[in-house]
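An overview of the molecular structure
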Amino acid sequence: RCTGKRSYHHTFNLNLEGAQEGGEFRDVLFEDCKALSPGSGFEPQNRSKGPAGTRDWSCGFDIPDAGDITRLTVRDSFVDDAWQDGFHLDGSWSGHRQNQTDVLFERCTATRCGRRTSPASVEKFRSGFYVQTGRLVNCHSADCANAGFGLINEKANSLEVVNCSDEGSAYGMILNYAAPGARIQFTSKGAKVRAFVGQAGSGGGSLDLTLVDPPSPAVTFGRALRIDYLGCSNHAAQQRDKYDRLGYTLDGAKVTIREKRVETAEEYAAWKKAVEVWKTSSMDTGKIVACGLPFDIPDEKPPVIPDTPEVPPIVLPPEPQPHLLSEDGCIKTVLPDGTKLMLVGGGFMDTDAAGHFPHGSIWRRVVE
């Protein structure tokens, strides 16, 4: 039952960095703990070397960063305004093994995480919960710069999300790396970019997703829209390899999406655009159970065709011009051939500034 305010780095941390793989934490309980505004933003790329702030990955709970964890419980705990993630388990990769066994987050809340992160920072997690395996029960997030829940799950049948929710984050939930057998029950309210992105319904898993005031499109199934949603720039090649190897074939019959009742043809047309599947992934969206959506769709009257319809003049489209695009919190350069280039340093906007340049905004050069 501890409270930390404005810690220089993580507020709560378990770390066996420097030890050989095989070190372990066991029987750890955090209960009724608070981390308020953790992270200074001054951590450099190489710890004690390099410009300040180039690699600050400060979190509220970094538990653990390095080392295995067995029987971890985090209950009734709260994080606000973390520099990166609220609750963070670092996960495994080559040379950084982390076995996770019996992990439970219960009645925990993370708000406003990642909103202070510098665009120059290598680390860009910025999520409420960053977890690979375990159970998350009655946990909630709000107003995070990236995902409310960033879940990176490869180990089969090792992830369960029960009655969790996000409100107002850029992404309600990102669920990556196939999540075979994962069982997800989640509500997204007022997401800025997507309510849900990633893989669901694979390997016997299921998704029960409730949408409240979603963006359009609301859901992207399959490969995430960018490889740098979660993590940092120097993990990009590894993430790309994972995506290319896994591919993702998803079972729409294991997915339930709940939203308000559709009353008009226009609302139904909007609903059909709410769910998309990444072009290199496959999913039978026709099998998705759409609770709350009637299938007695209102009759749409055919258009009236006049006897002598007017033939509109042929107007050639203008030649493509380079322009700037606001997309996923970044400013990107779009070349005439459609190629998108990230600006030097990543192009991520400050959260306060991003509100003035909504996703999808375009700026073109005007010649007088």
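Below: a short report on this structure. No experiment lies behind these values; they were computed from the predicted model shown.

**Brief notes about the overall build of the protein**
- Scanning the protein from terminus to terminus reveals three helices and 29 strands.
- Split into buried and exposed, the 368 residues of the protein put 50% on the buried side.
- Taking all contacts inside the protein whose residues are at least 6 apart in sequence as the whole, residues at least 24 apart take part in 65%.
- As displayed, the protein has an accessible area near 18300 Å², and 52% of this comes from carbon and sulfur atoms.

**Digging into the nonpolar core**
- The biggest cluster of nonpolar side chains holds 53 residues, and the ones touching the most others in it are Phe105, Phe129, Leu136 and Phe221.
- Ranked by size, the runner-up nonpolar core spans six residues in total, among them Ala147, Tyr171, Ile174 and Val193.

**Details of the state of the cysteines**
- Evaluated as defined, the whole model comprises zero disulfides.
- Cysteine 144 carries a free sulfur, and the closest cysteine sulfur to it, the one in cysteine 113, is 4.2 Å from it.
- Looking at cysteine 144, the relative accessible area reads 3%, which means it is buried.

**A look at the packing of aromatic side chains**
- In the structure shown here, the tally under the stated rule is 11 aromatic pairs.
- On the basis of an interplanar angle of 70° and a centroid distance of 5.7 Å, the ring pair of phenylalanine 12 and phenylalanine 30 is categorised as edge-to-face. Linking phenylalanine 12 in strand β2 (residues 12–13) with phenylalanine 30 in strand β3 (residues 24–31), this pair joins segments that are 18 residues apart in sequence. Each member of the pair, phenylalanine 12 as well as phenylalanine 30, carries the same accessibility label: buried.
- Plain terms: the ring middles of phenylalanine 30 and phenylalanine 61 are 5.5 Å apart, the flat faces sit at 90° to each other, and that makes the pair edge-to-face.

**Examining the pairing of strand β26 (residues 323–327)**
- Taken across its five residues, β26 has four buried, putting it largely inside the fold.
- Inspection of the sheet shows β26 paired to strand β27 (residues 330–334) by five bridges, in the antiparallel sense. Bridging across to β27, serine 326 finds its partner in isoleucine 331.
- Between β26 and β27, which pair antiparallel and follow one another directly, the connecting turn spans two residues, one of which, aspartate 328, has a positive phi of 55°.
- As defined by bridge partners, β26 adjoins strand β29 (residues 362–364) across three bridges and the pair is classed as antiparallel. Along β29, the bridge assignment pairs leucine 324 with tryptophan 363.

**Let's talk about the pattern of salt bridges**
- On inspection of all chains with the given rule, the structure shows 15 salt bridges.
- Taking the shortest distance from any N to any O, the salt bridge between glutamate 106 and arginine 75 comes out at 2.9 Å. With glutamate 106 in strand β9 (residues 100–106) and arginine 75 in strand β6 (residues 68–75), this residue pair connects regions lying 31 residues apart in the sequence.
- Between aspartate 208 and arginine 258 there is a salt bridge whose closest N-O contact spans 2.8 Å. One end of the pair, aspartate 208, is in strand β19 (residues 206–212); the other, arginine 258, is in strand β22 (residues 255–258), with 50 residues separating them in the sequence.
- In the salt-bridge network here, residues are joined through shared partners; they are Arg1, Glu31, Arg75, Asp76, Glu106 and Arg107.

**Things to note about the sheet that holds β26**
- What the four strands build is an open sheet, ordered β28-β27-β26-β29; its pairing is antiparallel. Edge positions in the sheet fall to β28 (340–342) and β29, since each of these pairs with one other strand and no more. Ignoring strand direction, the axes of neighbouring strands in this sheet form an average angle of 30°.

**What to know about a nonpolar patch on the surface**
- Residues Leu324, Phe357 and Trp363 make up a contiguous nonpolar surface patch of roughly 240 Å² in combined accessible area.
- Considering the arrangement of structural elements, one finds tryptophan 363 in strand β29.

**Thoughts on the sheet that holds β2**
- Pairing is parallel in the open sheet, where nine strands are placed in the order β2-β5-β8-β11-β14-β16-β18-β20-β23. Pairing within the sheet leaves two strands with one partner each, and these edge strands are β2 and β23 (275–277).
- Bridging between strand β18 (residues 194–198) and strand β20 (residues 219–221) involves three bridges; their strand directions are parallel. Across the sheet, the residue bridging to phenylalanine 196 is valine 219, located in β20.

So, how was this worked out
Residues numbered from 1 in each chain as written. Predicted model: local features only at pLDDT ≥ 70, side-chain atom pairs only at ≥ 80, totals over all residues. Heavy atoms only, no water. Helix = DSSP H or I, 4+ residues; strand = E, 2+ residues; numbered from the N terminus. Buried < 20%, exposed > 50% of the residue type's maximum accessible area, 1.4 Å probe, protein only. Contact = heavy atoms within 4.5 Å. Areas by Shrake-Rupley, 256 points an atom, 1.4 Å probe, with all protein chains shown as cover. Core = buried A, V, L, I, M, F, W, Y, C linked by side-chain atoms within 4.5 Å. Disulfide = S-S within 2.5 Å. Phe/Tyr/Trp six-rings, centres within 6.5 Å; stacked < 30°, edge-to-face > 60°. Pairing = 2+ DSSP bridges. Salt bridge = Lys/Arg side-chain N within 4 Å of Asp/Glu carboxyl O. Axes fitted to C-alpha atoms, helices over the stretch in contact; angles between N-to-C directions. Patch = residues over 30% accessible without salt bridge, like charges linked within 9 Å, V, L, I, M, F, W, Y side chains within 5 Å.

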